[in-house]
Amino acid sequence: AVVSTQSVSILVKNSSRVSASRQRTAAVSAAQQRTASECQHLSKEQHLGKEQQQSCQHLGKEQQQCQQLSKEQHQSASISAKNSISAKNSSRVSKEQQQCQQLSKEQH
């Protein structure tokens, strides 16, 4: 079989085109893999961001609870101090009443 130069030329060009097409396909495939990898990475970062946000919200609630406890402790200390003053006053009044009763007995 005789192969013409024109046929050989066409075969060489087609072969070259196929090779270029394969190279482009490989490049696109590599780009797709990079994109998929980046998407996974972003997804992980997004998940971490959500966890961080939840953690911050939780810390905020705990901080509010601490502030509330601090207020309650302050109120409790204030009440305790008032109770102590009341107890001293009651004791003083009781002593004064005893003195009055004693003076009353002595007057009689």
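All values derive from a computational prediction rather than experimental measurement. (Residues numbered from 1 in each chain as written. Predicted model: local features only at pLDDT ≥ 70, side-chain atom pairs only at ≥ 80, totals over all residues. Heavy atoms only, no water.)

Peer 1: What's the story with the overall build of the protein chain in this structure? I'm lost.
Peer 2: Of regular secondary structure, the protein chain possesses 1 helix and 0 strands. In terms of overall size, the protein chain is more extended than a compact globule, its C-alpha atoms giving a radius of gyration of 46 Å where 108 residues would be expected to give roughly 13 Å. The buried share of the protein chain, taken over its 108 residues, is 0%. Total accessible area on the protein chain stands at roughly 10,200 Å², and carbon and sulfur atoms take up 52% of it. (Helix = DSSP H or I, 4+ residues; strand = E, 2+ residues; numbered from the N terminus. Rg over C-alpha atoms; globule rule 2.2 N^0.38 Å. Buried < 20%, exposed > 50% of the residue type's maximum accessible area, 1.4 Å probe, protein only. Areas by Shrake-Rupley, 256 points an atom, 1.4 Å probe, with all protein chains shown as cover.)

Peer 1: Which parts of the structure should I look at to understand the pattern of salt bridges?
Peer 2: A pair can form between side chains of opposite charge whenever their charged atoms are brought close. Tallied over the full model, the rule gives 1 salt bridge. Between Glu-96 and Arg-92 there is a salt bridge, with the nearest N and O atoms lying 3.6 Å from each other. Here Arg-92 and Glu-96 lie together in helix H1 (residues 5-107), a separation of 4 residues that amounts to about one turn. You can call Arg-92 partly exposed: its relative accessible area is 45%. (Salt bridge = Lys/Arg side-chain N within 4 Å of Asp/Glu carboxyl O.)

Peer 1: Just to check I follow, could you spell out the environment of Gln-33 for this structure?
Peer 2: Mapped onto the elements, Gln-33 comes out in helix H1. Along the backbone, Gln-33 and Ile-79 are 46 residues apart, and their C-alpha atoms lie at a distance of 69 Å.

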